[in-house]
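Observations on chain architecture
Listed below are the residues making up each chain.
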Amino acid sequence: MFEYGMSRVGKNAEAYQYFSNKVTYGQLMDDIHACAAGLLELGVKKGDFVTICLPNIPQCVIALYAVNRIGAVCNLVHPLSTKTEIEKAVNLTESRFAFTFELNEGHFDGLCKTLIRCKTSEYFPKNPKGFIMKTAYNFSVRKAKRTDGAVLWSSLISSGRKSLAKKPLPKNTVKPSDTAALMYTGGTTGDAKGVILTNEAFNFTTSSLVLMKIENQCHEGGAFLSILPVFHAFGMVASVHAPLSCGMRMVLSPRFDPKDCANLVLKEKIEIIAGVPAMYERMYPLLKGHDLSFVVHAVAGGDLVSSDLMKRYNEILDSSSGGASFLPGYGLTEACGPVCLASRSETELKEGALGKPLTGIEMCIVEPGTTKVIADTEEGELCFFGRSLMGGYYKNEKATADVMRKHKDGKTWLHTGDIVTLDEDRNIIFKSRYKRMVKVNGYNVYPTIIENTMEKCPLISEACAVAAPWKTDKKIKLYVTLKDQKANEEKAREEIMAYAKANLNHWSCPFAVAVLKEMPRTKMNKKDYKVLESSDE
């Protein structure tokens, strides 16, 4: 599909921009082929797992396509993982090769046969500003631990170009059913698991996004803000494969900084933005008041999107007068990222709305923990069926059997663990993670709904509701961060409790409010409710 995108715009069209360094589709393809040839020279074979532990830098994008070109499997690991987490991922896949960068190379010491050292500054602009950036960055990581014998990225590419000068790459024998990547679940509700995703899954999801969200147009030359992490399914599909398959130009950024990203949106006239709610929240005050008429799509996923956030962005995008609409989506690693998106025509969605399944994806609702399909009007567990579903959890048959279950129709459905309902237009309305749902005196209580309601309180910046022991039962305890960090906490707690009693039902009201300086987060930047739950045990 990448080649399809290039065929639409030509080799001289811009494929990506990294800071102010611009690279064409032709140059990117040449780098991919050189990298693939270099990997073959190192001894990488079809079916080998190659660990890619990189942020959103050009080497990451090149390595993804190069590894795939020779039929190897991308073992995608969060670049800021701990040494223990990296060791687990490498040992699970018996990976002998790894792409690393300055901040994690030391964690790989003794783990892999061959490490490829990728410098973040390698593709900085070749001008005075780029020289200053490179000098400053290299100074900031001067104490980062290195390993002996690592192969430099530049050496890998040089070796590959020399090999290609003598002979072409072997014939491409990669099949749709071949495993393209192993991606890891966020570990929000348990230990992270390796998700098997095929080439078909990636291309099917990308095609569905193009059909539904990009309206079957290439947006040739249009700018796409590629800030979502590539090691995440949402980021890989929506921020890399989709724009390149449409002939767009990616604006790559190795880390999210709200000011820098807002400036990129305005300066580069970004047509399509895909991000998580927390990212949009932090960019909002920096985008408000500016002309955003050039934005075509603004999509949020990776976490629940509040109706308040949708409303505020629809206002600054001027969606009521023909501007772009800010729309929520839903996805999970086990389904290769996005599986639902709201339609452009639906400007008013209920709290917790996730939209409708992408083209080619089927859904049903079952009684939680069973395969019994129930009426669309009832509340139950959301299940999906389609070509984007995972092949299972790598070397974990039990966990796979828990979520990939055969129904009476003979199809194997993915059980998401999310409790939902459908509205009158068949939009999926999220209620709670099944594992987060709390029974209070026999009543179902949904922490996510509590959080969404309480975050409308003028005092609260963020809220996290967790179950806490109370006498012989459980009740809800609310953890919050305040918009005004200098506010009187005792008075704030009293006002928050009063707001809760006025806006929540009796069983959902917290029995206590705790004020935090900062909300704990997972590596995927989601609220880490498990940390707060464990503090109350």
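Reference entry: report on the structure contained in this document. Not measured: the values here are computed from a predicted model.

The rules behind the values
- Residues numbered from 1 in each chain as written.
- Predicted model: local features only at pLDDT ≥ 70, side-chain atom pairs only at ≥ 80, totals over all residues.
- Heavy atoms only, no water.
- Axes fitted to C-alpha atoms, helices over the stretch in contact; angles between N-to-C directions.
- Helix = DSSP H or I, 4+ residues; strand = E, 2+ residues; numbered from the N terminus.
- Parallel < 35°, antiparallel > 145°, perpendicular 65-115°, else oblique.
- Left-handed = near helix turned anticlockwise from the far one by under 90°.
- Contact = heavy atoms within 4.5 Å.
- Nonpolar A, V, L, I, M, F, W, Y, C, P; charged D, E, K, R; others polar.
- Buried < 20%, exposed > 50% of the residue type's maximum accessible area, 1.4 Å probe, protein only.
- Pairing = 2+ DSSP bridges.
- Phe/Tyr/Trp six-rings, centres within 6.5 Å; stacked < 30°, edge-to-face > 60°.
- Lys NZ or Arg CZ within 6 Å of the ring centre and 35° of its normal.

Turning our eyes to something else, we now look at the packing of helix H2 (residues 25-42) against helix H3 (residues 58-69). The description of two packed helices rests on the angle between their axes and on the distance between the axes. Closest axis-to-axis distance for the H2/H3 pair is 8 Å, and the angle between their directions is 55°. The orientation of H2 with respect to H3, classified from their angle, is oblique. Where H2 crosses over H3, the handedness of that crossing is right-handed. Residues Leu28, Asp31, Ile32, Cys35, Ala36 and Leu39 of H2 touch H3, and the partners they reach there are Ile62, Ala63, Tyr65, Ala66, Val67 and Arg69. Its residues assigned to classes, the contact of H2 with H3 comprises ten nonpolar, no polar and two charged.

What follows covers the pairing of strand E9 (residues 194-198). A regular strand places its side chains on the two faces of the sheet in alternate fashion. Most of E9 sits out of view: five of its five residues are buried. Covered by surrounding structure in E9 are Gly194, Ile196 and Thr198 together with Val195 and Leu197, the residues of both alternating faces. Bridge count between strand E8 (residues 179-184) and E9: five bridges; the pairing is antiparallel. In the strand pairing of E9, Tyr184 is matched with Gly194. Relative to strand E19 (residues 392-393), E9 runs antiparallel, the two sharing two bridges. Among the inter-strand pairings, Val195 is bridged to a residue of E19, identified as Tyr393.

This part is about the sheet that holds E8. One open sheet holds the eight strands; their spatial order is E7-E6-E5-E3-E4-E8-E9-E19, and the pairing between them is mixed. The open sheet is flanked by strand E7 (151-152) and E19, the only strands paired with a single partner.

In this section: the packing of aromatic side chains. Under the counting rule described, the total for this entry stands at twelve aromatic pairs. Taking 6.4 Å as the distance between ring centres and 75° as the angle between the ring planes, the aromatic pair formed by Phe124 and Tyr137 counts as edge-to-face. Note that Phe124 is positioned in the loop between strand E6 (114-118) and helix H5 (128-140) and Tyr137 in helix H5, a separation of 13 residues in sequence. An identical accessibility class is assigned to Phe124 and Tyr137; each is buried. In this arrangement the basic side chain of Lys193 is found over the ring face of Tyr393, its NZ or CZ atom lying 5.2 Å from the centre. Its end group placed over the ring of Tyr284, Arg312 keeps NZ or CZ at 4.8 Å from the ring centre.

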